[in-house]
Amino acid sequence: MTGLFSLLKKGSKSSLMAAIVNFILGALKFGAYLITGNVAMFAEMMHSLGDAANQLFVWVGSAVSKKDPNEKFPFGYGRLVNIVCLFAVIIVAILAYETVLEGIHHIQHPSHEEQPFNHFLINAGVLLIGIVLEGSVLYKAGKEVLEEAHKPTTGIHPFTTSYVSLNKAKPATKLVFMEDTVATLGGVLALIAIIIARLTGFGQIEGIVSVIIGLMMFFVVARVFLENAAGAIGVSDQEMEVNASRIILENEHITDIKRLTVLKEGEDLHLEAVLETPYADMNLRQLSEIKKQIAQRLLEQPHVVDVNLEFMEADDVRDWKNDHGSSTYRMFTKEDK
């Protein structure tokens, strides 16, 4: 049991915080929906509960993915966080569908009865609380995005430059950030909708906003699904491949890179490379020292956990043709032997 708790402490803190906040908000919005019957509040309730379940799964998955490698899983459990994210988006997809469906129904059959003023105050108050809490979670997630991208985290950067750096964030952080962006924006839209409906009597606006929130949820589903499906299958890290190639070719004894692969396992990166060197002029001790120097530099790079380097005799064929790191990747065949 102690081991389980110590493992859970390694989970994404932004996911856990977001899950707690969204469960609280989901309960508040559910109570407000039961009292007022407001369809925009229904959409927000579904969104908050979906996000809470989602982020709870991601927190557990991100923690378990940090288990140490063993004989059965020599590369560790890194891809588990991708699998958990794939499972989590199914829940969001179902809730998004129900949200859109309820919105369309309200557009077609709007309520013509004016809600009591105290119902309006309840809805507005709950939505304001939600915007503040979701905004605080969004700010924290934005800071984590920038930290993982090694960018400044001060001031309003978590609300601005974090979107530019999103591709460099970990899967769990990225999911929380995207969901809370939609949640915060959805809360603002829902608040605007109930104010317009109250002032103008245009009840369909709440249904329209419900549909918009549902479609935003579907966008998160599509984005997260595609990225984590690639991660679960096994995807290369192109940016680290570029950095690794530059580090390798800086060594004066390396003439070319025959093959270079940087495989993502959740947050961890596994690097394998076949390097060309005129090793006929070197002894085993010299080659071992070159390998050690390159490997040490590569292991200093963010998230690189292991490096496997092999040498082959240099030939006259230039395999690493692009100076920006785009390799001519090919598997070895019988003809190469």
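For the structure, check the block above.
Residues numbered from 1 in each chain as written. Predicted model: local features only at pLDDT ≥ 70, side-chain atom pairs only at ≥ 80, totals over all residues. Heavy atoms only, no water.

Participant: So what exactly am I meant to see when it comes to the packing of helix 2 (residues 13–36) against helix 3 (residues 39–64) here?
Facilitator: A pair of packed helices is captured by two measures, namely the crossing angle of their axes and the spacing between those axes. Contact geometry for helix 2 and helix 3: axes closest at 7 Å, N-to-C directions at 155°. Judged on the interaxial angle alone, helix 3 and helix 2 are roughly antiparallel. The way helix 2 lies across helix 3 gives a crossing that is left-handed. Looking at the contact of helix 2 with helix 3, its residues break down into 17 nonpolar, five polar and three charged. (Axes fitted to C-alpha atoms, helices over the stretch in contact; angles between N-to-C directions. Helix = DSSP H or I, 4+ residues; strand = E, 2+ residues; numbered from the N terminus. Parallel < 35°, antiparallel > 145°, perpendicular 65-115°, else oblique. Left-handed = near helix turned anticlockwise from the far one by under 90°. Nonpolar A, V, L, I, M, F, W, Y, C, P; charged D, E, K, R; others polar.)

Participant: Sorry, what's going on with the pattern of salt bridges here?
Facilitator: Pairing is possible between side chains of opposite charge, provided their charged atoms come close. Going through the model one piece at a time under the given rule, you end up with three salt bridges. Close ionic contact of K258 with E276 constitutes a salt bridge, the shortest N to O distance being 3.4 Å. Of this pair, K258 sits in strand 1 (residues 256–265) while E276 sits in strand 2 (residues 268–277), and the two are 18 residues apart along the sequence. Judged by its relative accessible area of 5%, K258 falls in the buried class. Residue class for E276 comes out buried when judged on its relative accessible area of 0%. (Salt bridge = Lys/Arg side-chain N within 4 Å of Asp/Glu carboxyl O. Buried < 20%, exposed > 50% of the residue type's maximum accessible area, 1.4 Å probe, protein only.)

Participant: Quick question: what am I supposed to make of the layout of surface pockets here?
Facilitator: Over the atoms rolls a probe the size of a water molecule, and its path tells where empty space is left. Roughly 750 Å³ of internal volume is contained in the largest pocket. N167, K168, A169, D237 and K264 are the residues nearest the centre of the largest pocket, which is lined by 30 residues in total. Contributions of two or more residues to the lining of the largest pocket are made by helix 6 (171–200), helix 7 (204–233), helix 8 (238–249) and strand 1. (1 Å grid on protein atoms, 1.4 Å probe; cavity = no way out; pocket = protein on both sides within 12 Å on 5 of 7 lines; lining within 4 Å. Points joined across faces, edges and corners; volume = space filled by probe spheres on them.)

Participant: What is the right way to read the packing of helix 3 against helix 6 from this model?
Facilitator: Here helix 3 crosses helix 6 at 170°, and the two axes come no closer than 10 Å. Looking at the two axes, helix 3 sits roughly antiparallel to helix 6. Within the contact between the two elements, helix 3 uses A40, E44, H47, D51, N54, Q55, V58 and S62 and helix 6 uses A172, L175, V176, E179, D180, V182, A183, G186, G187, A190 and I194. A class-by-class count of the residues in the contact of helix 3 with helix 6 yields nine nonpolar, six polar and four charged. (Contact = heavy atoms within 4.5 Å.)

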